Amino acid sequence: FPSHDTMHVISILRETGCQGVMIGRGALRTPWIFRLAFDLLKMSVPDPSLLREPSTSDKLAMIRRHLALLESHHYSERQAIHMMKLRMGWYGKTIPNAKPLRESFRTAPSIRVMRDALSAFEQLQSSAKTLVDASYPLQTSLSKPGDRL
């Protein structure tokens, strides 16, 4: 989780009074860094512990949108597939248990196959969440997701 990166953005903006900062390759792996930095800027006292990393579901939706944008911006399917294969290596590092998804993208011959792989992974994630939720029936409304009882 790039809280140190987002805090660096905030410290540069506040210390120098500059109007903007350049965010480089880190944005390729974590494109939500812009939203996180913006959320920190809105805080009177920036506290990265209050930020929420996008959920796996949010990240998968972002990948799906990235695919759609590649298609709609006149890339050939071959170019779009190549670009997503590269990006999936980065995105996958931020998604738990994503090795099968990364492998599916690496070997995908079409965007349709990539979309199918995303759908299958989403279903797998949903099934796993259902199993975890059923395993912890004593979870109270006071506990946070991911807390262990």
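Residues numbered from 1 in each chain as written. Predicted model: local features only at pLDDT ≥ 70, side-chain atom pairs only at ≥ 80, totals over all residues. Heavy atoms only, no water.

S.K.: Let's hear about the overall build of the chain: which residues, and what values?
M.R.: Looking only at helices and strands, one finds seven helices and zero strands in the chain. When the helices and strands of the chain are listed from N to C terminus, the series reads α-α-α-α-α-α-α. The long-range share in the chain, meaning contacts at least 24 apart out of those at least 6 apart in sequence, stands at 60%. For the chain, the computed accessible surface area is about 10,100 Å², with 57% contributed by carbon and sulfur atoms. (Helix = DSSP H or I, 4+ residues; strand = E, 2+ residues; numbered from the N terminus. Contact = heavy atoms within 4.5 Å. Areas by Shrake-Rupley, 256 points an atom, 1.4 Å probe, with all protein chains shown as cover.)

S.K.: If you had to explain a positive patch on the surface to someone new, which residues and values would you point to?
M.R.: A cluster of basic residues, R29, K93, K99 and R102, forms a positive patch at the surface. With respect to the helices and strands, the residue K99 is situated in helix α6 (residues 99–107). Under the relative-accessibility criterion, K99 is labelled exposed at 61%. (Patch = residues over 30% accessible without salt bridge, like charges linked within 9 Å, V, L, I, M, F, W, Y side chains within 5 Å. Salt bridge = Lys/Arg side-chain N within 4 Å of Asp/Glu carboxyl O. Lys, Arg positive; Asp, Glu negative; His and termini not counted. Charge placed at Lys NZ, Arg CZ, Asp CG, Glu CD. Buried < 20%, exposed > 50% of the residue type's maximum accessible area, 1.4 Å probe, protein only.)

S.K.: Run through the pattern of salt bridges, naming residues and quoting values.
M.R.: With the rule as written, the count across this model stands at eight salt bridges. Notably, a salt bridge pairs R115 with E71, separated by 2.2 Å at the nearest N-O pair. One end of the pair, R115, is in helix α7 (residues 111–135); the other, E71, is in helix α4 (residues 56–72), with 44 residues separating them in the sequence. Among the residues examined, E71 registers a relative accessible area of 37% and is labelled partly exposed. A salt bridge links R106 to E103; the nearest nitrogen and oxygen atoms lie 2.6 Å apart. On the criterion of helical spacing, the pair formed by R106 and E103 is a turn pair, its members being three residues apart in helix α6.

S.K.: Explain the environment of S11 residue by residue, including any values.
M.R.: Turning to its location among the elements, S11 is positioned in helix α1 (residues 3–16). Along the sequence, S11 and L41 sit 30 residues apart, while their C-alpha atoms lie 9.8 Å from each other.

S.K.: Tell me about the nonpolar core, and please be specific about residues and values.
M.R.: Ranked by size, the top nonpolar core spans 20 residues in total, and within it I63, M84, L101 and F105 carry the most contacts. Ranked by residues supplied to this core, first place goes to helix α5 (residues 77–92) with six residues. Setting aside residues up to four positions removed in sequence, F105 forms contacts with I63, L67, M84, K85, M88, M114, A117 and L118. Ranked by size, the runner-up nonpolar core spans nine residues in total, among them V9, W32, A37 and L51. (Core = buried A, V, L, I, M, F, W, Y, C linked by side-chain atoms within 4.5 Å.)

S.K.: Can you lay out the packing of α4 against α5 for me, pointing to particular residues and giving the numbers?
M.R.: Closest axis-to-axis distance for the α4/α5 pair is 10 Å, and the angle between their directions is 160°. Taken together, the axes of α4 and α5 are roughly antiparallel relative to one another. In this structure, the crossing between α4 and α5 has a hand that is right-handed. Residues M62, I63, H66, L67 and L70 of α4 form the contact with α5, whose own contacting residues are A80, M83, M84, R87, M88 and Y91. Here the residues of the contact of α4 with α5 sort into nine nonpolar, one polar and one charged. (Axes fitted to C-alpha atoms, helices over the stretch in contact; angles between N-to-C directions. Parallel < 35°, antiparallel > 145°, perpendicular 65-115°, else oblique. Left-handed = near helix turned anticlockwise from the far one by under 90°. Nonpolar A, V, L, I, M, F, W, Y, C, P; charged D, E, K, R; others polar.)

S.K.: Lay out the packing of α5 against α6 in plain terms, naming residues and giving numbers.
M.R.: Across the interface, α5 lies against α6 with an axial gap of 9 Å and an inter-helix angle of 170°. Between α5 and α6, the angle falls in the class roughly antiparallel. The residues of α6 that touch α5, namely those facing M84, K85, M88, G89 and G92, are L101, R102, F105 and R106. The class makeup of the residues in the contact of α5 with α6 is four nonpolar, two polar and three charged.

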